[in-house]
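Read off the chains here:
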Amino acid sequence: MRQIGASVGVAVLGSALNSAYRNGVDDDIPSTLPEQAREAIHDNVSGAAAVTDKLPADQAKAIAQSARDAFVSGMSAVALICAALAAVTTVLVVALLPGREKTEDERQDQGAVRPVSA
């Protein structure tokens, strides 16, 4: 069960990252580039880096910055999803996890009268 949960988690988080990256980089890909170069930029950051090696400096800088910004945006989305899942898990654990029984010493301490220091 744990392996299935991990696999689904990686798939969901990877999809969120990929979607955010693609949405972030789409508008900044010049239409003058060949289709293969545009697809490489659209696919992932390393593809964008490979394409920028073959472009003029000003165009390469703009595409590289766009790819980095899109990746950071995607990672931010993934971090927010993870934080939300952690918060939901915390609430579920607190609400549903049964409490432990008190030991005999804890029961005696609870009923004992403690002297008040002045």
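Data block above holds the structure.
Keep in mind that what you see is a predicted model, and the values were worked out from it rather than measured. (Residues numbered from 1 in each chain as written. Predicted model: local features only at pLDDT ≥ 70, side-chain atom pairs only at ≥ 80, totals over all residues. Heavy atoms only, no water.)

### A closer look at a nonpolar patch on the surface
Here's step 1: On the surface, a cluster of nonpolar side chains totalling about 270 Å² of accessible area is made up of Ile-4, Val-8 and Val-12.
Here's step 2: Inspection of the secondary structure puts Val-8 in helix H1 (residues 2–26).
Here's step 3: When its relative accessible area of 47% is taken as the criterion, Val-8 is described as partly exposed. (Patch = residues over 30% accessible without salt bridge, like charges linked within 9 Å, V, L, I, M, F, W, Y side chains within 5 Å. Areas by Shrake-Rupley, 256 points an atom, 1.4 Å probe, with all protein chains shown as cover. Salt bridge = Lys/Arg side-chain N within 4 Å of Asp/Glu carboxyl O. Helix = DSSP H or I, 4+ residues; strand = E, 2+ residues; numbered from the N terminus. Buried < 20%, exposed > 50% of the residue type's maximum accessible area, 1.4 Å probe, protein only.)

### Digging into H1
Here's step 1: Along its 25 residues, H1 runs 36 Å from first to last C-alpha, staying within 8% of the 36 Å computed at 1.5 Å per residue.
Here's step 2: Those residues of H1 lying buried are Ala-16, Leu-17, Ala-20, Tyr-21 and Val-25.
Here's step 3: Against the buried residues of H1 lie helix H2 (35–43), helix H3 (45–52) and helix H4 (57–96). (Expected span 1.5 Å × (residues − 1). Contact = heavy atoms within 4.5 Å.)

### Some points on the side chain of Thr-52
Here's step 1: In this structure, Thr-52 sits in helix H3.
Here's step 2: Excluding residues that lie within four positions of it along the chain, Thr-52 makes contacts with Ala-60, Ile-63 and Ala-64.

### Some points on the nonpolar core
Here's step 1: Membership of the largest hydrophobic core comes to 13 residues, with the highest contact counts inside it found for Tyr-21, Val-25, Leu-33, Ile-41 and Leu-55.
Here's step 2: When residues of this core are traced back to their parent elements, those giving at least two are H1, H2, H3 and H4.
Here's step 3: With four residues, H4 is the largest single contributor of residues to this core.
Here's step 4: Excluding residues within four positions of it along the chain, Tyr-21 makes contact with Ile-41, His-42, Asp-43, Asn-44, Val-45, Ala-48, Ala-67, Ala-70 and Phe-71. (Core = buried A, V, L, I, M, F, W, Y, C linked by side-chain atoms within 4.5 Å.)

All quantities given are derived from atomic positions and should not be read as evidence of function.
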